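# Structure assessment
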Amino acid sequence: MSTFYLCSKNHSIVGQMDTYLAFHRDNRHRKTEDHEKNFNPSFPSRHNVSEESARPNYVNNSPTSPYHLGRDVPSDEAINKIRTANSVTISPELFEKIYLNPQNAVKGELRNTFANPTPLALLGFLLSLSPLSCELMGWRGAGGDGIATVGAYYFIGGFLMSLGGILEFFLGNTFSFVVFCSFGGFWFTLGSTLTPSFNAYGAYAADPNQPAQGLTSPGFHASFGFFLLFMGLLSLIYLICALRTNLVFVAIFLGLLLTFVILTGAYWHTALGHTEMAERLQVAAGAFGFLATLAGWWIFFAQMLASVDFPFQIPVGDISHLITPLSERVKQKERYPA
């Protein structure tokens, strides 16, 4: 009896050992096949499970990714995750088209929270320079050195450009901030110079009771020409900086540079009594100013198309890749020291 019991027990143990070895042999064989098929055994197969269970459970089985929102995440938290993870990025070319500023690393989420002020400031520039250029060229009998549109210099050019420049300051766009605020100041200065109550030209009048005589006095034209000259110098600096952006922006500052320099010559020739030459130079200055506004209207149109995600975009001639940024050169020197 005991002998039969021992034999049965030994036979049971042997059977269990055979089953154990067969299981591991089959399991090892399955792992080899899975490895050859580049199959991850931690994920269920689509051939033997339902569609719902075949979906991988990222929330429970995998580390949370900042780009994965999950099925039960509230909308506010989802938006916050998208912003903090920087999942939405734009190319440097598009950034410079939208902000007229080379792309820079700025902390915070103001660019995702508030509207882009660049088109507003650019519109103030265009609605002031466009009519002034036509007046300088004398189209349809226009004239008077732009006095007819003095209100636009205050409430469109000066106000909108200064407002846009201040908002660019809060967004961290230094180049756009300086450009818009400086030209906003220019329009305020031009408007106040042409306003009788400021008595800018009235001080040069021979008769204090007739301040308009100051607009034709040599002293006024010779003095105001210096302001235009240094505005041309400022445009030259902006033109050099614009070589890091796009061709349209370069065309704007090149047109402004020629406008201010030629207009300076027109004022100085007027001071010398060279009326005919002064008129020719004034027309030429208006023409270059008008060309600058055409480039400005082009990039304004490009910005508005980009702001509404229009199906097509117009090019602005990105040239930022032609000049290697200083930061990139420093990184290259650190990576490959000579």
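These numbers were taken from a predicted model, which means no experiment stands behind them. (Residues numbered from 1 in each chain as written. Predicted model: local features only at pLDDT ≥ 70, side-chain atom pairs only at ≥ 80, totals over all residues. Heavy atoms only, no water.)

Here we come to the layout of surface pockets. Estimated volume of the second largest pocket: approximately 260 Å³. Together, 14 residues line the second largest pocket, and Asp145, Leu215, His221, Thr270 and Gln282 are the ones closest to its centre. Counting only elements with at least two residues in the lining of the second largest pocket, the list comes to helix H10 (247-272) and helix H11 (275-307). Among the elements that take part in the lining of the second largest pocket, H11 stands out by supplying four residues, more than any other. For the lining of the second largest pocket, the residue count by class is four nonpolar, eight polar and two charged. (1 Å grid on protein atoms, 1.4 Å probe; cavity = no way out; pocket = protein on both sides within 12 Å on 5 of 7 lines; lining within 4 Å. Points joined across faces, edges and corners; volume = space filled by probe spheres on them. Helix = DSSP H or I, 4+ residues; strand = E, 2+ residues; numbered from the N terminus. Nonpolar A, V, L, I, M, F, W, Y, C, P; charged D, E, K, R; others polar.)

Its identity as a non-glycine residue notwithstanding, Arg140 has a phi of 55°, on the positive side. Within the secondary structure, Arg140 is located in the loop between helix H6 (118-137) and helix H7 (150-171). A positive phi angle, near 60°, is found at Asp145, a position not held by glycine. Topologically, Asp145 is positioned in the loop between H6 and H7.

Here we take up the packing of helix H8 (residues 174-193) against H10. Interaxial distance between H8 and H10 falls to 15 Å at its minimum, and their mutual angle equals 30°. Considering the angle they form, H8 stands roughly parallel to H10. By crossing handedness, the relation of H8 to H10 is classed as left-handed. Contacts between H8 and H10 involve Phe175, Val179, Phe183 and Phe186 from the former and Phe249, Phe253, Leu256 and Phe260 from the latter. Taken together, the residues that form the contact of H8 with H10 break down as eight nonpolar, no polar and no charged. (Axes fitted to C-alpha atoms, helices over the stretch in contact; angles between N-to-C directions. Parallel < 35°, antiparallel > 145°, perpendicular 65-115°, else oblique. Left-handed = near helix turned anticlockwise from the far one by under 90°. Contact = heavy atoms within 4.5 Å.)

In this section: the packing of aromatic side chains. Across all of its chains, the model carries 25 aromatic pairs by this definition. Ring plane angle 65° and centroid distance 5.0 Å describe the contact between Phe186 and Trp187, whose orientation is recorded as edge-to-face. Given the relative accessible area of 6%, Phe186 is considered buried. Here Trp187 falls in the buried class, since its relative accessible area comes to 1%. With 5.9 Å between their ring centres and 10° between their planes, Phe220 and Phe224 make a pair best called stacked. Of this pair, Phe220 and Phe224 both sit in helix H9 (residues 218-242), four residues apart, roughly one helical turn. Taken as a pair, Phe220 and Phe224 share a single burial class, namely buried. (Phe/Tyr/Trp six-rings, centres within 6.5 Å; stacked < 30°, edge-to-face > 60°. Buried < 20%, exposed > 50% of the residue type's maximum accessible area, 1.4 Å probe, protein only.)

Before going further, it helps to spend a moment on the nonpolar core. Grouped together as the largest cluster of nonpolar side chains are 45 residues, with contacts concentrated most on Phe125, Phe183, Trp187, Leu190, Phe253 and Leu256. Among the secondary structure elements, those contributing two or more residues to this core are H6, H7, H8, H9, H10 and H11. With twelve residues, H10 is the largest single contributor of residues to this core. Once you skip the residues sitting within four places of it in the chain, Trp187 turns out to touch Phe125, Ser128, Leu129, Leu132, Tyr153, Gly157, Gly158 and Met161. (Core = buried A, V, L, I, M, F, W, Y, C linked by side-chain atoms within 4.5 Å.)

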